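Descriptive analysis of the structure
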Amino acid sequence: MLKSFRPIVGATVAAAILVTATGCDSFLEVKNPTVIDASTVDPVADAPTFSLSALNNLFDAFDNFIVYGAWFSGEAWEGDTFPTRTDIGRRTIDFVEGVGTTNGTVNGDIYEPLARAIATGENVQVLLAGLPDATSNINVVRATYASAAGILFESELFCQTVISSSLADLGSPLTSTEGAAAAEERFRRVISQGTAVNTAESLKLANAARVGLARALLFQGKNAEAITAAGEVPADFELFAPKVDDPSNRDALGNTVYSFTLARQSLVVPPYYRALNDPRVTSDLTITASGPQKAQDNFFDFHFQTKYTGWGDDIRLASGLEARYLAAEAQLNLGNPDPALALIAEREAAGEGAASGDDVDFVATRGTMTYLLDQKARDFFLEGTKMGDWRRNPLTAPYVPPAGSPYYNTSEGGVFGTQTCMPLPDDEILNNPNFKK
């Protein structure tokens, strides 16, 4: 994080194109169009731009959270030539205790974007804390949601969580469970403040926060509270991370899950997902005159995902359906299988068709939790839920290659490692003095 981290007043504001509030024309008239002079910042007039920038940083980080979480968990196969990405797919990210990992992909592609989303969200809250309406301001709601979701994603993917707002306010290392608790506190504020603002946007963020809250509570083992939070989300609710096909800024604004389909051709749909023949998990294979199209590593036939077919395809970030899965999981943890069994039957009918005798055997031999998470893996394929499901249910989450089994790319060799989370990069550990206390 620290190598490229900057306080928000010195950051590129990619989300400025999304701003519709008044007072932004003068904001954009700066001598350097990519850097804001701190002395010119007006927290009130510029708050919409800053809060939207925090949200866009979250949306930007969300794509790579999906891709690298998919490679790490087995939701997708890694068909890249970068050795650092192979280490992620194999779950053998090298690191030194007290130093972290020098894997540049982990740092630059995954950790830094999440850390930036958290920091900008936190910093906007600091900038606007003194306003009279700070507890009912849409800009605070946006920034708090960006921070809360970023913290939750970092807690699910990494072995530790760090919450920083600037170089002058670097966070201390937290366990993943402590990170989920920090996300919980922020999600609760989004719900309270979003309800107080009472606009269509703020109420949508409040419902997204209820989904995030249920997810954070479940991560901490607070099952009864998770059921309550999830139950307050409308069944038809959905919030999407918006994506824009802007050829000049696709990395920040476009759908980069699609980028790994088009640009590098390295996000390979595994055979166990293809074998499901489920319309919720779609893929394709291009046949050329010389044979099947190959992935970027020239080893795999490139079975590419077709869920996202363009740079401008939005990505579902929170939904009433996810809330129902979270509540059913929590009920199972408390010994009540009925909500899970009902949801399984409903979602199976929406995918493959009605339950069969084989499905009854599946429940009997593998358990209701595995069957529930199997349906969830289909409903939320490449939507960033797999890491959390696996971290919470290491013995029952399906479609995760077991440690010690042969790595799928036989040209690379080796076996899957024992890692269940990614180590923090050395840039964070070596440059953050809180790690030395």
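Above this text is the structure in question.
Chains are numbered independently. Their residues run from 1 in the order of the written sequence. At least 70 in pLDDT is required for a residue's local features to be given in this predicted model, at least 80 for side-chain atom pairs to be given and counted, and no such filter applies to totals for whole chains, interfaces and linings, which use all residues. Excluded from the side-chain calculations are hydrogens and water; all other atoms, namely the structure's heavy atoms, are used.

What follows is about the nonpolar core. Note on terminology: a nonpolar core comprises buried Ala, Val, Leu, Ile, Met, Phe, Trp, Tyr and Cys residues joined through side-chain atoms within 4.5 Å. Think of it in three bands: residues with accessible area under 20% of the maximum for their type are buried, residues over 50% are exposed, and the middle band is partly exposed, with areas taken using a 1.4 Å probe on protein chains only. Counting 97 residues, the largest nonpolar core has Leu58, Ile88, Tyr145, Phe158, Phe187, Leu372 and Met422 as its most contacted members. Put simply, DSSP H or I for four residues or longer makes a helix, DSSP E for two residues or longer makes a strand, and each gets a number counted from the N terminus. Among the elements that make up this core, the one with the highest residue count is helix 2 (residues 47–73) (13 residues). By definition, residues are in contact when any of their heavy atoms lie within 4.5 Å. Beyond its immediate sequence surroundings of up to four residues, Phe187 is in contact with Tyr145, Ala148, Ala149, Leu152, Ala209, Gly212 and Leu213. Listed in part, the 9 residues of the second largest apolar core include Phe302, Phe304, Tyr407 and Phe416.

Next up on the list: the pairing of strand 10 (residues 315–319). Across the 5 residues that make up strand 10, a large majority, 5, are buried. In this analysis, strands are considered paired if DSSP registers two or more bridges between them. Judged from the 4 bridges that link them, strand 4 (residues 238–241) and strand 10 form a sheet pairing that is antiparallel. When the bridges of strand 10 are listed, Glu238 appears paired with Ser319.

Centre distance within 6.5 Å is the pairing criterion for rings of Phe, Tyr and Trp, where only the six-membered ring of Trp is used; planes under 30 degrees apart are then read as stacked, over 60 as edge-to-face, and the remainder as tilted. In total, this model carries 23 aromatic pairs according to the counting rule given. Judged by centre distance (5.1 Å) and plane angle (85°), the rings of Tyr68 and Trp71 are edge-to-face. In this pair, Tyr68 and Trp71 both sit in helix 2, 3 residues apart, roughly one turn of the helix. In this pair, the class of Tyr68 matches that of Trp71, namely buried. In textbook terms, an aromatic cluster arises when at least three aromatic residues are bridged by ring pairs, as seen for Trp77, Tyr272, Tyr273, Phe299, Phe300, Phe381, Tyr399, Tyr407, Tyr408 and Phe416. For a Lys NZ or an Arg CZ to count as sitting over a ring, it must be within 6 Å of the ring centre and within 35 degrees of the ring normal. Stacked on the ring of Tyr407, the Lys or Arg Arg90 has its end atom at 4.9 Å from the ring centre.

This paragraph deals with unusual backbone geometry. Of note, Arg91 is a non-glycine position whose phi angle comes to about 60°, a positive value. Position of Arg91 among the secondary structure elements: in the loop between helix 3 (83–90) and helix 4 (104–128). On the accessibility criterion, Arg91 (3% relative accessible area) is buried. Phi is positive for Tyr399, which is not a glycine, with a value near 65°.

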